[in-house]
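# Chain and residue survey
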Amino acid sequence: GRRTAAGIRCLHRRSRSPGSSMKRPSPVVDGLSWPVTGQGEDGEPLRSTQETGKNILAAALAAVDEEAAQKVRSERGWRFKYKKHFVKSVEVSAATPSAALKVAKAGLDYMYDHFEFLRDGKRYVLREALNELTGSFATGHIQGSKPKPAHFELEVPYMGKVLKGDELHKQLDKWVRGGVIELSCGASIGQVARSSPWLDLSDRHFVLLGAGAAMGPLQVLLALGANVIAVDLNREEIWKRLIELAEQSCGSLTFPLRAGTKQEELAPNELFTAAGCNLFTQTPEI
């Protein structure tokens, strides 16, 4: 999550105007790349994230409302007026379940057919890469050693304390009265806190992309017994933390290992270095 997001901002920042003194980001040499949306005066391809965003939304809306799609395409002040078009997409999608699925599928199809993927000097449309490039990973699995409790209790870290039970409900009331959270938010958290069976996630599976993100739900899910399929960069320090969290929980962690690797043959430090993958350069394998 952390370094990856910074890398995307660097690699895929909207191209500057030809006269800008700012140096363009280096082109992607391997992995997922934004679509080409134009050509600069020097003949180099331009990859505007803003233009691509417009095109995706227009393609999505066109599946059910061509008039709304055309308004997106013709919007000249996109940077400041995009919000109304996204509101429209929600309204259109909420009309019927069928409409929601059509909008989602059309938007995804546009991305699969326009984003690019580079591998060994060859450029693919993303959909082609996913179909043509083969390979996979071995699978790692950690079952937590902590016994599953007789019942789960919702815990909320706050100001160096862990709120639960009556203390949590009192704090929720303070937050609502102080305007920190909406009434419906406080009511929903309180309802979950009072419904212990809802908190048993031992029969649920969650896929986390960027599982080690600081603000991600991994620790909460593992604490509630969930089965987590985790994807994050293949860096030893990341997987040491994730695997140790799983070992000390009542949940489980399933994750990619380097192809050909057998988990049972690895020492702990070897497991940490063999785990993980890159969403942007190993997309077809994932």
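If you're wondering where the values come from, they're calculated on a predicted model, not measured in any experiment.

Pairing between sheet strands relies on hydrogen bonds along the backbone, with the strands arranged either parallel or antiparallel. Judged by pairing direction, the sheet is mixed, and its four strands sit side by side in the order β6-β11-β10-β9 without closing on themselves. Two strands bound the open sheet, and with one partner strand each, they are β6 (138-143) and β9 (205-209). Shown here is a sheet whose adjacent strand axes are inclined to one another by a mean of 20°, direction ignored. Here five bridges tie β9 to strand β10 (residues 227-231), and the two strands are oriented parallel to one another. Residue pairing across strands places His205 opposite Asn227, the latter belonging to β10. Contacts from helix α10 (residues 236-247) reach β6, β10 and β11 (252-257) within the one sheet, and its direction differs from that of β11 by about 150°.

A separate point is the packing of helix α2 (residues 49-62) against helix α3 (residues 66-74). Two elements in contact, α2 and α3, have axes whose closest approach is 7 Å; the angle formed by their N-to-C orientations is 170°. Here α3 runs roughly antiparallel to α2, going by the angle between their axes. Contacts between α2 and α3 involve Lys54, Leu57, Ala58, Leu61 and Ala62 from the first element and Glu66, Ala68, Ala69, Val72 and Arg73 from the second. Residue composition of the contact of α2 with α3, by class: seven nonpolar, no polar and three charged.

Let us look at helix α5 (residues 97-114). Along an α-helix, residues three or four positions apart point the same way, because every turn accommodates 3.6 residues. Taking 1.5 Å of rise per residue, 18 residues should cover 26 Å, and α5 covers 26 Å from first to last C-alpha, within 8% of that figure. By the burial criterion, the buried members of α5 are Ala99, Val103, Ala106, Gly107 and Tyr110. Projected onto a plane normal to the axis of α5, the buried residues spread over an arc of 90° and lie on a single side. Of the exposed residues in α5, those oriented more than 90 degrees away from the buried face are Pro97, Leu101 and Lys105. Contact partners of the buried residues in α5: α2 and α4 (78-93).

Time to look at the sheet that holds strand β1 (residues 31-33). Taken in spatial order, the three strands of this open sheet run β1-β4-β5, and their pairing is antiparallel. If you trace the sheet from one side to the other, it starts and ends with β1 and β5 (122-125), each paired once. Neighbour-to-neighbour, the strand axes of the sheet open up by a mean angle of 30°, direction not taken into account. Across four bridges, strand β4 (residues 116-119) lies against β5 in antiparallel orientation. Residue Phe117 lies in a different strand from β5, and its bridge partner there is Tyr124.

One non-glycine residue, Asp120, lies in positive phi territory at about 55°. Among the residues examined, Asp120 registers a relative accessible area of 74% and is labelled exposed.

About the criteria used
- Residues numbered from 1 in each chain as written.
- Predicted model: local features only at pLDDT ≥ 70, side-chain atom pairs only at ≥ 80, totals over all residues.
- Heavy atoms only, no water.
- Pairing = 2+ DSSP bridges.
- Helix = DSSP H or I, 4+ residues; strand = E, 2+ residues; numbered from the N terminus.
- Axes fitted to C-alpha atoms, helices over the stretch in contact; angles between N-to-C directions.
- Contact = heavy atoms within 4.5 Å.
- Parallel < 35°, antiparallel > 145°, perpendicular 65-115°, else oblique.
- Nonpolar A, V, L, I, M, F, W, Y, C, P; charged D, E, K, R; others polar.
- Expected span 1.5 Å × (residues − 1).
- Buried < 20%, exposed > 50% of the residue type's maximum accessible area, 1.4 Å probe, protein only.
- Arc of directions from axis to C-beta.

Structural measurements only, silent on function.
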